[in-house]
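Remarks on the overall topology
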Amino acid sequence: MPYPDSPFRQDIELCLINNMRDKSNYISKMNNYFRWLCTTPQITSLRVNTLQSNPEDTINLLKKYFQSIKPNMIPNVSMHEKLEDVIIIQHVPSKLESIHLKEVIVDVACGAAVLRGAHIFAPGVLGMVNGCQTGDNVSIYVDLAKKCNKGFSKIYKEAKVFIGNGVVVMPRSSLFSPNLKPNGIAVQVSETISGCFQISENILPPGYILLQNLPSIICVHALDPKPNEIILDMCASPGHKTSHIAALMKNQGTLVAIDKITKKIELLKEHCANFNAKAHIFLSDSTSIFQPFSTNTPENGPPYPAGTFDKILLDAPCSALGRRPQFRNDITKAVLLSYVPLQKKLFSNAVHLLKKDGILVYSTCTISVGENENIVAWALKKFPDLTLIETKFHFGSGGLDGTSLSKEELRLVQRFGECSKTDSIGFFIACFTRK
Ligand SMILES: C[S@@+](CC[C@H](N)C(=O)[O-])C[C@H]1O[C@@H](n2cnc3c(N)ncnc32)[C@H](O)[C@@H]1O
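The rules behind these values
- Residues numbered from 1 in each chain as written.
- Predicted model: local features only at pLDDT ≥ 70, side-chain atom pairs only at ≥ 80, totals over all residues.
- Heavy atoms only, no water.
- UniProt positions renumbered as here; feature names shortened; annotations may be inferred.
- Buried < 20%, exposed > 50% of the residue type's maximum accessible area, 1.4 Å probe, protein only.
- Helix = DSSP H or I, 4+ residues; strand = E, 2+ residues; numbered from the N terminus.
- Contact = heavy atoms within 4.5 Å.
- 1 Å grid on protein atoms, 1.4 Å probe; cavity = no way out; pocket = protein on both sides within 12 Å on 5 of 7 lines; lining within 4 Å.
- Points joined across faces, edges and corners; volume = space filled by probe spheres on them.
- Nonpolar A, V, L, I, M, F, W, Y, C, P; charged D, E, K, R; others polar.
- Phe/Tyr/Trp six-rings, centres within 6.5 Å; stacked < 30°, edge-to-face > 60°.
- Lys NZ or Arg CZ within 6 Å of the ring centre and 35° of its normal.

Under an unreviewed UniProt entry, the name given to the chain is SAM-dependent MTase RsmB/NOP-type domain-containing protein, and the organism recorded is Henosepilachna vigintioctopunctata. Under the UniProt heading Sequence similarities (unreviewed entry), the entry covering the chain gives this text: "Belongs to the class I-like SAM-binding methyltransferase superfamily. RsmB/NOP family."

Listed below in structure tokens is the structure:
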């Protein structure tokens, strides 16, 4: 089975292309985008939590770790050229020579995680051929057809993609017996087609590092949090950007983090505790946190009156089409189109809550023009006191034209995609101020 060249069904591809005013210009561009989404970034980025650790010590610990697991193949580990809290690990792609007779089938999400450096955990395993014992060498395939039933025991004949090799840790009897819900590592990955080194945050004490995609890190640097500011993270869970904001504020000032799902609030609290990030955390729906007559202070919780915050991050719920790599994405058109009204409601609340001369960062991890450039164009029209501004770091390419944004506005926004310098996921960042 050839490696896929788009994760999407044709109706979704057409929907993404039809979003553009001048479609014909975009067909080949978007096809490149789709192909790029199936591939794996050639670097791993991790953020050092400067509240608990420092980059120099972390680099030394990482080098020692790689030395201990594969002394003859240590990756290049270095500081990011501009971002002082980011470490980059270069992948070493190589052609895999051996394909083993025994095979393991994993689901598409597990396959993507393996290519980004994860081992295979029990819930991700769909099939393992009969007779596999602990210590056996196996080849790993992704179930592209999505037809492999849990516990499958033969050679899988449906559409599948080879992604690497590994060693069995949990045999079939531990993986698939009734009443068992195994959770640990099932297959220790030894090599992958992406050349990514297997790495987890657990190799260092909790809260020291976070494996985080570069645009997510750049997005918080765009907000440029400073000590003693009053900052709102409107859609915060699991808190990866909240803890970064807290670190840049040096835990001084007031940081409010909101999410609307109870379970996610637990994750957010746990993450902030692990990362020693001080934040006032509230369960609330950020589409209605602005209330003109409220007398609440940031610490009281929402609703808030106009102009409460110096800076606001709106890392919006989105169709998340920027994930990389993706093998197969079954998003429907209805779901794809459902995010825009929600993003507009959240955005309107953000604008009201922002102080004059404050900074608002809008970000998504999707490639859809409707959720990115079109939201910016809508916002600039609806709120005439908003303007786009330059960000401290600009690593993305400009926006896609074919919307109503001017050349200058397209230059100011940052799109991370197949033609940006940063080899990471698909992402979008726009930074505004209120006059
Ligand atoms: C893209 S994720 C945020 C990721 C987070 N900023 C991070 O970096 O860890 C979007 C979050 O928005 C939350 N969300 C969705 N609708 C919301 C709403 N109306 N009000 C507040 N949070 C909402 C979701 O529960 C989800 O956790």
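Counting buried residues in helix α10 (residues 373-382) gives seven out of ten residues, a clear majority hidden from the surface. Contacts made by the buried residues of α10 are with α9 (333-353), β15 (354-364), β16 (386-388), α11 (407-412), β17 (414-416) and β18 (427-434).

To continue, consider empty space enclosed by the protein. Empty space among the atoms can be located by rolling a probe the size of a water molecule over them. Scanning the model with the defined rule gives one cavity of 30 Å³ or more in all. Approximately 30 Å³ is the volume found for the largest cavity. For the largest cavity, the full set of lining residues is Ala246, Met249, Asn251, Gln252, Gly253, Leu255 and Lys278. In terms of residue class, the lining of the largest cavity is made up of three nonpolar, three polar and one charged.

A word on the packing of aromatic side chains. On inspection of all chains with the given rule, the structure shows 13 aromatic pairs. Taking 5.7 Å as the distance between ring centres and 55° as the angle between the ring planes, the aromatic pair formed by Phe347 and Tyr362 counts as tilted. One end of the pair, Phe347, is in helix α9; the other, Tyr362, is in strand β15, with 15 residues separating them in the sequence. These aromatic residues form a ring-pair network of at least three members: Phe347, Tyr362, Trp378, Phe383 and Phe432. When the ring centre of Tyr141 is taken as reference, the NZ or CZ atom of Lys160 above it lies at 4.5 Å.

There is about 300 Å³ of room inside the second largest pocket. Mapped onto the lining of the second largest pocket, the elements with two or more residues apiece are α3 (55-69) and β9 (185-192). Among the elements that line the lining of the second largest pocket, the one with the most residues is β9, at five residues. Its residues assigned to classes, the lining of the second largest pocket shows nine nonpolar, seven polar and two charged.

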